[in-house]
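Survey of secondary and tertiary structure
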Amino acid sequence: MERTVRNSVTLVANYNHTWWNKYTLNVNLNGRLQSKTYYPGYEDAPGYGVWNLNTSHNFVLSKYLQVEPSLGIDNIFNQVDNRIDWTNRRYANYNPGTSVVFGVKVRFN
């Protein structure tokens, strides 16, 4: 069958800790690993592994206000499919490479 993968695995590790009921740290590491992707009539796409690390920091500023910045790195090991393009090739992953992600959540209770 086209675009089938024989083996794949997703791994997740998470750490969460609160100090003084005012600050909470959450660290999440996840990875997706897969073997080659089958394409009939085309070159098979090679297997790959992508790892992401994300952190969030929850600050309780008052009884009614919490601020939660988050920071992460997607594709830690810069896994990209750099094979030269041609008509009989299909790609394993379209990820452009390592990127930094940032967000802020503000909660009003």
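Residues numbered from 1 in each chain as written. Predicted model: local features only at pLDDT ≥ 70, side-chain atom pairs only at ≥ 80, totals over all residues. Heavy atoms only, no water.

1. A short note on the confidence of the model for the chain
The cut-off we apply is this: Residue-level confidence of the predictor, termed pLDDT, takes values from 0 up to 100. The helix count covers DSSP runs of H or I at least four residues long, the strand count covers runs of E at least two residues long, and both are numbered beginning at the N terminus.
With 91% of its residues at a pLDDT of at least 70, the chain reaches an overall mean of 88. Within the chain, no element has a lower average pLDDT than strand 1 (residues 4-5), which sits at 78, and none a higher one than strand 6 (residues 65-74), at 97.

2. Section: the packing of aromatic side chains
Inclusion rule: Aromatic rings from Phe, Tyr and Trp, taking only the six-membered ring of Trp, are treated as a pair when their centres fall within 6.5 Å; an angle between ring planes under 30 degrees marks them as stacked, one over 60 as edge-to-face, and anything in between as tilted. Here the term buried applies to any residue with accessible area under 20% of the maximum for its type, exposed to any over 50%, and partly exposed to those in between, with areas from a 1.4 Å probe on protein chains only.
For the coordinates displayed, the defined rule picks out two aromatic pairs. Where W19 meets Y23, the ring centres are 5.6 Å apart and the plane angle is 20 degrees; that geometry is what we call stacked. For W19, a relative accessible area of 29% corresponds to the partly exposed category. Between Y23 and F59, the ring centres sit 5.0 Å apart and the planes meet at 40 degrees, which makes this aromatic pair tilted. Of this pair, Y23 sits in strand 3 (residues 23-34) while F59 sits in strand 5 (residues 48-62); the two residues are 36 residues apart in sequence, bridging distant segments of the chain.

3. Brief notes about the sheet that holds strand 5
Applicable threshold: Here, strands pair whenever DSSP counts at least two bridges between them. Working convention: axes come from line fits to C-alpha atoms, limited for helices to the stretch in contact. Angles between N-to-C directions cover 0 to 180 degrees.
With antiparallel pairing, five strands are arranged side by side in an open sheet as 2-3-5-6-7. Taken across any chain shown, the strands that pair with only one partner, and hence form the sheet edges, are strand 2 (8-19) and strand 7 (99-108). Here the average twist between neighbouring strands, direction ignored, is 10 degrees. When strand 2 meets strand 3, the two strands line up antiparallel, connected through twelve bridges. Note that in strand 3 the partner of H17 across the bridge is L25.

4. Here we look at a nonpolar patch on the surface
Just so we agree on the cut-off: For patch building, the residue pool is restricted to those with more than 30% relative accessible area and no salt bridge; the joining distance is 9 Å between like charges and 5 Å between nonpolar side chains (Val, Leu, Ile, Met, Phe, Trp, Tyr). The Shrake-Rupley method, run with a 1.4 Å probe sphere, supplies the accessible areas, and residue values consider only the shown protein chains as cover. Salt bridges are defined as contacts in which a side-chain nitrogen from Lys or Arg sits within 4 Å of a carboxyl oxygen from Asp or Glu.
Among the surface-exposed residues, L29, L53, L71, I73, I76, F77, V100, F102, V104, V106 and F108 lie close enough to one another that they form a single nonpolar patch of about 1100 Å² accessible area. Listed by contribution, the elements that provide at least two residues to the nonpolar patch are strand 6 and strand 7. The element that contributes the greatest number of residues to the nonpolar patch is strand 7, accounting for five residues. Position of V100 relative to the elements: it lies in strand 7. A relative accessible area of 64% places V100 in the exposed class.

5. Overview of unusual backbone geometry
Its identity as a non-glycine residue notwithstanding, N21 has a phi of 55 degrees, on the positive side. Structurally, the position occupied by N21 is in the loop between strand 2 and strand 3. For N21, a relative accessible area of 68% translates into the label exposed. For N78, which is not glycine, the phi torsion reads 55 degrees and is therefore positive. Following the sequence through the fold, N78 ends up in the loop between strand 6 and strand 7. Its relative accessible area of 44% is what places N78 among the partly exposed residues.

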